[in-house]
Structures are given as structure tokens and as C-alpha cells.
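Listed below are the residues making up each chain.
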Amino acid sequence: MKDRITYFDKNYNLRRFVYCTPFTLDGRAHGDLHEQFKRKTILTTSHAFPYIKTRINIIHKEEIISTPIEVAIEDMQKKTQELAFATHQDPADAKMLQMVLQGSVGTTVNQGPLEVAQVFLSEIPSDPKLYRHHNKLRLCFKDFTKRCEDALRKNKSLIGPDQKEYQRELERNYHRLKEALQPLINRKIPQLYKPVLQVNSHRDSFSRMSLRKLDI
């Protein structure tokens, strides 16, 4: 996407296509947050689209399984991107911004951001393999709350006098969400920071040795 900037670039010389399929381990397509997996299927064709034929043979198929916490990370990144897009859209679209904001900070949203955080961030995972995912999701929520704040500020500058009460309600919902998220996103996994502390301690000891040599 960095190289394919124009509309033509994004729709020309395409050979790889992806589609996602939600599933659970017991065979259902959809389940609770902690049991929702996602299968990404990547198909590579023998020739690039557009082509003289509308159907092209598939020469390679690859599948990537995303665990529930990875699915949650992608969902939160998508919500954050939607907020950023709606906030910086030019010309500004107040209705779109309010719709995205309501879906982000609304208290009645099922399986919304708060529930995602409560499911995956309420406890430090017992499996060390999940430490990085846990930390990445925690950082996603930090970015998400910052984007919500930016979106609220933008919406305040767009609304008229008749929507001031609606703005106050959005702000109240945001502050409630932020207060509920705060203890969850501030909990760090000590194991992830031990190497950094050790490196810093080595640097400090090396600096002290260097200073002693200079004093001598």
C-alpha cells in the first residue's frame, strides 16, 4: 500500500488475494471473544489481474490462523484507524465521525472495546508466548483512547447548539470508558522489561567504572 498510491496502482497487476473466515474450535463460525479464531486464506494466481480472462488458475494457497487475542488486536487496530480517518477527513463529515465515536465509546455496544479489554487484559497470561500479544493489545488500547479524545475534540468543533447535550453524553461515556480501561492498560508484564533493565544496569555499571577511571 505504500507503493500503490493511486487508484490505478491499487487495481492493476494484482496476483495475491486474501479473504478471512471466522471460526471456533468447536465448529461454530462465531463465539465469545476468548474463543473467536480467524483463518486468513491467501491465494496467488498464475497471471495478474486485470487479464484477458475473468477466471485465472490459482497456483498457491496459504492459510494463516489468528488466535483470539490476535483477532482482538486486529479489531482494535481497525477501530483506531476508523477513528483517525473520520477525525482527519477533509472535508469533515460530522455524521460519520459521530457514528464511529458512538460505536467506540457507546456504553451499550456488545463486544465493544471495554469487553475486549476485560477479556484479554484483566489477567497476565500464563503462557509466555502470549506476553507480546498481551503487550501489543495494551498499547493498541492506549492509542485507541488517544484517538477517541482527538475525535471528541474534533466533533465539538463541528456540532451546533442543538447537539451540545449529545456531545456531553459522548464525553461522559468516554471518561467512563477511560476510567474502566486505565487499570487494565497500565498493567505491564514484568518479564518483558527485565532484559531492558539488565542492559541499563550494565550500562550504568560501565559508566561508573569509566568515571572512576577518569577520577584516577
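Residues numbered from 1 in each chain as written. Predicted model: local features only at pLDDT ≥ 70, side-chain atom pairs only at ≥ 80, totals over all residues. Heavy atoms only, no water.

Turning our attention to the nonpolar core. For soluble globular proteins, nonpolar side chains are generally found buried alongside one another. L137 and F141 are the most contacted members of the largest nonpolar core, which has 28 residues in total. Contributions of two or more residues to this core are made by α2 (68-88), α3 (94-105), α4 (113-120), α5 (131-158) and α6 (164-185). Ranked by residues supplied to this core, first place goes to α5 with seven residues. Contacts of L137, omitting those with residues within four sequence positions, involve I69, A72, I73, M76, F120 and L121. (Core = buried A, V, L, I, M, F, W, Y, C linked by side-chain atoms within 4.5 Å. Buried < 20%, exposed > 50% of the residue type's maximum accessible area, 1.4 Å probe, protein only. Helix = DSSP H or I, 4+ residues; strand = E, 2+ residues; numbered from the N terminus. Contact = heavy atoms within 4.5 Å.)

A separate point is unusual backbone geometry. The omega torsion of the bond from F49 to P50 falls at -5°, within 30 degrees of zero and hence cis. The topology assignment puts P50 in the loop between β2 (37-49) and β3 (58-66). Omega for the bond connecting D90 with P91 falls within 30 degrees of zero, at 5°, which places this linkage in the cis form. Summarising the element assignment, P91 is placed in the loop between α2 and α3. Although it is not a glycine, N13 adopts a positive phi angle of roughly 60°. Note on placement: N13 falls in the loop between α1 (7-10) and β1 (14-23).

The next point concerns the sheet that holds β2. Here three strands make up an open sheet; going across it, the order is β1-β2-β3 and the pairing antiparallel. Both outer strands of the open sheet, β1 and β3, are each paired with one neighbouring strand and no more. Looking at each pair of strands side by side, their axes are set apart by 20° on average, direction ignored. Sheet strands touched by α2: β2 and β3. Its angle to β2, the strand with the most contacts, is close to 65°. (Pairing = 2+ DSSP bridges. Axes fitted to C-alpha atoms, helices over the stretch in contact; angles between N-to-C directions.)

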